[in-house]
Structures are given as structure tokens and as C-alpha cells.
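Survey of secondary and tertiary structure
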Amino acid sequence: QVHLVESGGGLVQAGGSLRLSCAASGIIFSINAMGWYRQAPVKQRELVATITSGGRTTARDSVKGRFTISRDNVKNTVYLQMISLKPEDTAAYYCNTVPSEPNYWGQGTQVTVSS
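As a starting point, this report considers the structure included with it. Within any chain, residue numbers begin from 1 and follow the written order of that chain's sequence. At least 70 in pLDDT is required for a residue's local features to be given in this predicted model, at least 80 for side-chain atom pairs to be given and counted, and no such filter applies to totals for whole chains, interfaces and linings, which use all residues. With hydrogens and water stripped out, all remaining heavy atoms of the structure feed into the side-chain values.

Only DSSP runs of H or I reaching four residues or more are called helices, and only runs of E reaching two or more are called strands; each is numbered from the N terminus. Within the protein chain, the secondary structure is distributed over zero helices and ten strands. Order of helices (α) and strands (β) in the protein chain, N terminus to C terminus: β-β-β-β-β-β-β-β-β-β. Here the globule rule reads 2.2 Å times residues to the power 0.38, and the radius of gyration is calculated from C-alpha atoms. A globule of 115 residues ought to have a C-alpha radius of gyration of about 13 Å, and the protein chain, at 13 Å, matches this closely. Principal-axis analysis of the C-alpha atoms places the extent of the protein chain at approximately 40 × 25 × 20 Å. Only protein chains enter the accessibility calculation, which uses a 1.4 Å probe; a residue is then buried when its area is under 20% of its type maximum, exposed when over 50%, and partly exposed in between. Across the 115 residues that make up the protein chain, the buried fraction comes to 40%. We call two residues in contact when some of their heavy atoms are within 4.5 Å. A separation of at least 24 residues holds for 54% of the contacts in the protein chain among residues at least 6 apart in sequence.

Right, dumping it as C-alpha cells:
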């Protein structure tokens, strides 16, 4: 059974930083492309950043230069370093494979950015 456990969220002022972590179990982590997704209230979930098994990354335009995705295949963990946070980054953040697997969604971690 696959478990993805996100952590590291919190309340931060605009301009602040957070580092999210996602620990994976039950999958062969190293061969999967992974992604961070987010969902704000009354909005659809969106893909924020991705990283391939080989470490190639992408990020949506609104977070480029501010968010960095990385992974540790020994620890089966994917990270999202977020700097210069904005109120519009407020959302629940989730990790999943890319493309996402419906049965893999975890509880997520809440990020709230105050202005």
C-alpha cells in the first residue's frame, strides 16, 4: 500500500519561506517522477512542480524562481523549498507521482501566507 505523507506547512508572512517534505513508502520511489500539487479553497488542484527520476525539474510560471523541487532517493523523500511566498500561494499542498495516481493522495500540508 502506498503512503505519501506531507509535512512542513504552516503560517508565514508574505516574503517568508517554508520547506515542505513528502515521505513515500510502498512504491519504488526512485523510478517515479514526482510532483507537488496544491489546492486553494474553491479552486481546482494544480500541479506546482515536478522532478523526474533523473532529477530534471519543471515549475509552473507563477512559482518559477521562488519554488525549488528536489528529491532524495535514499530517503524516499521529495522536497519543495519555497521562498518569497505570496498570499496567493495559500493552499493545501500535496505530493504524488506524475501523472498523479488517484489512490496515492495523502492528507496534504496546509500553507497559509498572510499579507
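Resuming the write-up.
In terms of nonpolar packing, the biggest core is built from 27 residues, with Trp36, Phe67, Val78, Leu80, Met82 and Tyr93 touching the most fellow members. Per element, the largest residue contribution to this core is four residues, and it comes from strand E3 (residues 18-25). If we ignore the near neighbours within four places in the chain, the residues touching leucine 80 are Leu18, Arg19, Leu20, Trp36, Ala49, Phe67, Thr68, Ile69 and Tyr93. Side-chain atoms within 4.5 Å are what join buried Ala, Val, Leu, Ile, Met, Phe, Trp, Tyr and Cys residues into a set we call a nonpolar core.

Each aromatic ring pair is specified by the distance between its two centres and by the angle formed by the two planes. Pairing of aromatic side chains requires ring centres within 6.5 Å, counting the rings of Phe and Tyr and the six-membered ring of Trp. Pairs whose planes differ by under 30 degrees are stacked, by over 60 edge-to-face, and all others tilted. Applying the stated criterion to the full structure yields two aromatic pairs. Among the aromatic residues, those joined into a cluster by ring pairs are Tyr37, Tyr94 and Trp105. Definition used: whenever NZ (Lys) or CZ (Arg) falls within 6 Å of the ring centre and also within 35 degrees of the ring normal, the charge is taken to sit over that ring. Arginine 71 extends its terminal NZ or CZ atom over the ring of phenylalanine 29, reaching a point 4.5 Å from the ring centre.

Looking now at the pattern of salt bridges. Charged atoms that come close allow side chains of opposite charge to pair. Every case where a carboxyl oxygen of Asp or Glu lies within 4 Å of a side-chain nitrogen of Lys or Arg is listed as a salt bridge. The final tally for this structure, using the stated rule, is five salt bridges. As a salt-bridge pair, aspartate 61 and lysine 64 come within 3.2 Å of each other at their nearest N and O atoms. Assigned by exposure class, aspartate 61 and lysine 64 land together as exposed. Measuring nitrogen to oxygen at the nearest pair gives 2.7 Å for the salt bridge that ties aspartate 89 to arginine 66. One end of the pair, aspartate 89, is in the loop between strand E8 (77-82) and strand E9 (91-97); the other, arginine 66, is in the loop between strand E6 (57-59) and strand E7 (67-72), and 23 residues separate them in sequence. Its relative accessible area of 0% is what places aspartate 89 among the buried residues. Because the salt bridges share partners, they merge into one network encompassing Arg38, Glu46, Arg60, Arg66 and Asp89.

The next subject is the sheet that holds strand E4 (residues 34-39). Ordered by their spatial adjacency, six strands build an open sheet running E2-E10-E9-E4-E5-E6, and the pairing between neighbours is mixed. Either end of the sheet is taken by a strand with one partner, and the two such strands are strand E2 (10-13) and E6. When strand polarity is set aside, the average angle formed by the axes of neighbouring strands in this sheet is 25 degrees. Sheet topology places E4 next to strand E5 (residues 46-51); five bridges connect them, and they run antiparallel. Opposite glycine 35, over in E5, you have threonine 50 as the bridge partner. Here the rule is simple: two strands pair whenever DSSP picks up at least two bridges between them. Only C-alpha atoms enter the line fits that serve as axes; for helices the fit covers just the stretch in contact. Angles between N-to-C directions range over 0 to 180 degrees.

The sheet built from four strands is open, its strands ordered E1-E3-E8-E7 with antiparallel pairing. Every interior strand has two partners, whereas the edge strands, strand E1 (3-7) and E7, have only one. Neighbour-to-neighbour, the strand axes of this sheet turn through a mean angle of 15 degrees, independent of strand direction. Inspection of the sheet shows E7 paired to E8 by six bridges, in the antiparallel sense.

Keep in mind that these numbers describe shape and distance, not what the molecule does.
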